[in-house]
Amino acid sequence: MKIINLIITISLSAALLVSGEENKPILTLELAVQSALSRNERAAVADQQIIASNARIMSGRSVFLPSINLSGSYTRRPFEVTREMNGQDIIIQSLNALAGSVTVSSVLLDFRSFTLYRQLKLQNKSDKLNSNEIKRGLSFEVCGAFLSVLGVEQVLRAAQQRF
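Calculation criteria
- Residues numbered from 1 in each chain as written.
- Predicted model: local features only at pLDDT ≥ 70, side-chain atom pairs only at ≥ 80, totals over all residues.
- Heavy atoms only, no water.
- Core = buried A, V, L, I, M, F, W, Y, C linked by side-chain atoms within 4.5 Å.
- Buried < 20%, exposed > 50% of the residue type's maximum accessible area, 1.4 Å probe, protein only.
- Helix = DSSP H or I, 4+ residues; strand = E, 2+ residues; numbered from the N terminus.
- Axes fitted to C-alpha atoms, helices over the stretch in contact; angles between N-to-C directions.
- Parallel < 35°, antiparallel > 145°, perpendicular 65-115°, else oblique.
- Left-handed = near helix turned anticlockwise from the far one by under 90°.
- Contact = heavy atoms within 4.5 Å.
- Pairing = 2+ DSSP bridges.
- Phe/Tyr/Trp six-rings, centres within 6.5 Å; stacked < 30°, edge-to-face > 60°.

Colleague: Account for the nonpolar core, naming residues and giving values.
Modeller: Ranked by size, the top nonpolar core spans eight residues in total: Leu27, Ala32, Val33, Ala36, Ala43, Leu138, Val142 and Phe146. Every element with two or more residues in this core is listed here: helix 2 (29-39) and helix 4 (111-162).

Structure (structure tokens):
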């Protein structure tokens, strides 16, 4: 954790020293926090965990939907089977045969599904709160590093004015 703070401090120090030129924009606290939230992998992982949690809720909802099974078959015979009855040719088996079936099934009432779905929704709320906490902690780290860089910058200015 101290290494991460040191890296953030050094990178912000370099950014502030470089931004001292007149043509470059000055790095503000809000810009530093916004940049860290958009570029840091912890914030990105937190966002992806929320997306995964939403996907688990969608999967949990599928338990309440009916399942549909479709099946079909096609048979090609080498010849037709015909019989003559009362002077008419009747086809018993044609060259092409098709068969199909559709099955729709649904669980009427399964109390386990309700509790599992509720658990998924509560886990989603927990993931959202955890994501916010991760982003808040990252924001505090960036603010601390930003303020320490400002302190270093003031010490540098005082040293330059002294000599």
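Colleague: Let's hear about the packing of helix 2 against helix 4: which residues, and what values?
Modeller: As a packed pair, helix 2 and helix 4 sit with axes 9 Å apart at the nearest point and diverge in direction by 135°. Relative to helix 4, helix 2 is oriented oblique. Our pair here, helix 2 against helix 4, has a crossing hand that is right-handed. Of helix 4, the residues touching helix 2 (which contributes Leu29, Ala32, Val33, Ala36 and Leu37) are Lys135, Leu138, Ser139, Val142, Cys143 and Phe146.

Colleague: Go over the pairing of strand 3 (residues 88-93) with me, naming the residues and quoting the values.
Modeller: For a regular strand, side-chain orientation follows a simple rule: the groups alternate between the two sheet faces. Of all six residues in strand 3, zero are buried; the element is thus mostly exposed. As defined by bridge partners, strand 2 (residues 81-85) adjoins strand 3 across five bridges and the pair is classed as antiparallel. By the bridge assignment for strand 3, Thr82 is matched with Ile91.

Colleague: Mind laying out the environment of Leu65, listing which residues take part and the relevant values?
Modeller: For Leu65, the position within the fold is in the loop between helix 3 (41-61) and strand 1 (67-76). When its relative accessible area of 57% is taken as the criterion, Leu65 is described as exposed.

Colleague: Tell me about the packing of aromatic side chains, and name the residues and values.
Modeller: Counting across every chain of the model gives three aromatic pairs. Between Phe64 and Phe114 the ring centres are 5.2 Å apart and the planes differ by 35°, which places this aromatic pair in the tilted class. Highlighted residues: Phe64 in the loop between helix 3 and strand 1 and Phe114 in helix 4, separated in sequence by 50 residues. Pairing Phe64 with Tyr117 gives two aromatic rings, centres 5.8 Å apart and planes at 90°, and the pair type is edge-to-face. Pair noted here: Phe64 is in the loop between helix 3 and strand 1 and Tyr117 is in helix 4, with a separation of 53 residues, a long-range link. Relative accessible area serves as the criterion here: at 35%, Phe64 is assigned to the partly exposed category. Feature note: the residues Phe64, Phe111, Phe114 and Tyr117 constitute an aromatic cluster, connected by ring pairs.

Scope: geometric values only; no functional claims are made or implied.
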